[in-house]
Amino acid sequence: MPFDPETLRHEFPILATEVNGRPLVYLDNAATTHNPRRVIDASSHYYEALNSNIHRGTHHLARAATEAHEKARETVAAHLNAASPDEVIFTAGTTDGVNLVANCLTPSLAEGDEILISTLEHHSNIVPWQMLAERTGATLKVIPCHDDGTLDQAAFSELISTRTKVLALTWVSNAFGTVSPVVEMTQSAKAVGAQVLIDAAQAVPHMSIDVQALGADFLVFSGHKIYAPTGIGILWGRREALESLPPWRGGGEMIKEVSFEKTTYNDLPFKFEAGTPNIEGGIALAAAIDFVNELGMDDIRAHEDALIREAAERLSAIDGIHLYGPDDRAGALSFKLEGVHHYDLGTLIDQMGVAVRTGHHCCQPLMARFGITGTTRASFAAYNTHADVEALATAVSKAAMMLR
Ligand code: PMP
């Protein structure tokens, strides 16, 4: 089936929303994407036909729910080209996955060790590592970026050393859309024996991911960035990497046997899944993954790239616009209008039906690096169209005339 965003839009009920009597132009996809009908149906179907607690149930519904839950794990594993579904841990999202790994790594770090992150990181890939550094006495180091929002690879080569125990890196910047060379950087980190975690929150919606080719130890993402509901996410870990970690949260499901004297822990993946999981969320995420695979990740990326390039061109033509990030962006386009606060710009274009995000995008250190408090960010998904870009450019130029 040829990729046709106009037809695709009909699968997303929320895109029929009107704002101030105008059709919604939704360009806030880096914050959250919408769910197509089939994902909403998968969620409803779960509550209508499967709702039950999973594992160990002897009854029909418990078996059916368990089967659907484990099938969803298999779908995620296949999508990531994981060696086994056992390497796929259901989490609440990217933040939850980073915290899980950072907490489990506590016994592996000590004073003198270094944790390496980058200037491009979202707060959720900064703060858990700062907390780990505080707990263990390790030092947090930061890879700087160039003025075009790409990482400084020469500085990275100097920073990485046998002291580096962890490299935690975002694949795609949610603020600027920068795509970092994570495969090469992972290779350098593995060569010095570091553990590597990739924040793929903004990579999964825009590109195919092959965790075996990537070579990292851990990769995390959130369902709601890839057309699935909030509250579900994935931690993928290489089997040996996951097996070497102690469990973090204790409770039901993650145990083999419990006595007051001693508890033995379950095998992967359950060792890291204490308590009743978000069963419906996992099933809906699998439906969303089937959906993007039917569309084709390459076609999605090519379509979004064309829109971003067009948006960059149209916005640059407006007097006083400054764009952030490199020319090759994935998903997100950040900009500022000289003399205008990003919040005022965002509020005004919302009146015209255009939904964008303004502010620091949970990247305060990145904003500080550029001497700003925030930007206006338009971010794209498969269902966006040239008409959306047109509406964005028109709204921003009208706002520029009104605000300056
Ligand atoms: N990392 C990146 C790059 C993100 O874009 C986001 C979400 N904006 C997160 C982490 C955090 O994701 P969540 O809030 O779903 O845990």
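A quick note: this is a predicted structure, and the numbers were derived from the prediction, not measured.

Caption draft 1: A look at the side chain of Asp-96. Examined against the element boundaries, Asp-96 turns out to sit in helix H4 (residues 94-104). Here the side chain of Asp-96 touches Ala-92 through a polar contact of 2.8 Å, landing on its backbone nitrogen. Those residues within four positions of Asp-96 in sequence are excluded, and the remaining contacts are Thr-91 and Arg-249.

Caption draft 2: Here's a closer look at the site of the ligand. Surveying the vicinity of the ligand reveals the residues Thr-94, Thr-95, His-122, Ser-124, Thr-170, Asn-174, Asp-199, Ala-201, Gln-202, Ser-222, His-224 and Lys-225. Ser-222 is positioned such that a nitrogen or oxygen atom in its side chain is 2.7 Å from an oxygen atom of the ligand. The contact in question runs from an oxygen atom of the ligand to an N or O atom on the side chain of His-224, over 2.7 Å. When atoms are counted within 2 Å of each cavity's grid points, the one that captures over half of the ligand is the largest pocket. When the residues that make up the shell around the ligand are grouped by side-chain class, the tally is one nonpolar, nine polar and two charged.

Caption draft 3: Broad picture of the packing of aromatic side chains. By the definition in use, this model includes nine aromatic pairs. Aromatic pair Phe-176 and Tyr-324: ring centres 5.5 Å apart, planes at 20°, arrangement stacked. Here Phe-176, found in the loop between strand E7 (164-170) and helix H7 (182-191), pairs with Tyr-324, found in strand E13 (residues 321-324); they are 148 residues apart in sequence, far enough to count as distant. A cation sits over an aromatic face here: Arg-369 above Phe-370, 4.5 Å from the ring centre.

Caption draft 4: Looking closely at the sheet that holds E13. Spatial strand order, E13-E14-E17-E16: four strands in an open sheet with antiparallel pairing. The open sheet is flanked by E13 and strand E16 (357-359), the only strands paired with a single partner. Neighbour-to-neighbour, the strand axes of this sheet turn through a mean angle of 30°, independent of strand direction. Pairing of E16 with strand E17 (residues 375-379), which is carried by three bridges, proceeds in the antiparallel orientation. The residue bridging Arg-357 from the neighbouring strand is Arg-377, located in E17. Across the sheet, helix H12 (residues 342-351) touches strand E14 (332-337), E16 and E17, and the angle it forms with E16 is around 160°.

Analysis parameters
- Residues numbered from 1 in each chain as written.
- Predicted model: local features only at pLDDT ≥ 70, side-chain atom pairs only at ≥ 80, totals over all residues.
- Heavy atoms only, no water.
- Helix = DSSP H or I, 4+ residues; strand = E, 2+ residues; numbered from the N terminus.
- Polar contact = N/O pair within 3.5 Å; in protein donor to acceptor, adjacent residues only side chain to side chain.
- Contact = heavy atoms within 4.5 Å.
- Near = heavy atom within 4 Å.
- 1 Å grid on protein atoms, 1.4 Å probe; cavity = no way out; pocket = protein on both sides within 12 Å on 5 of 7 lines; lining within 4 Å.
- Sits in = over half its atoms within 2 Å of the grid points.
- Nonpolar A, V, L, I, M, F, W, Y, C, P; charged D, E, K, R; others polar.
- Phe/Tyr/Trp six-rings, centres within 6.5 Å; stacked < 30°, edge-to-face > 60°.
- Lys NZ or Arg CZ within 6 Å of the ring centre and 35° of its normal.
- Pairing = 2+ DSSP bridges.
- Axes fitted to C-alpha atoms, helices over the stretch in contact; angles between N-to-C directions.

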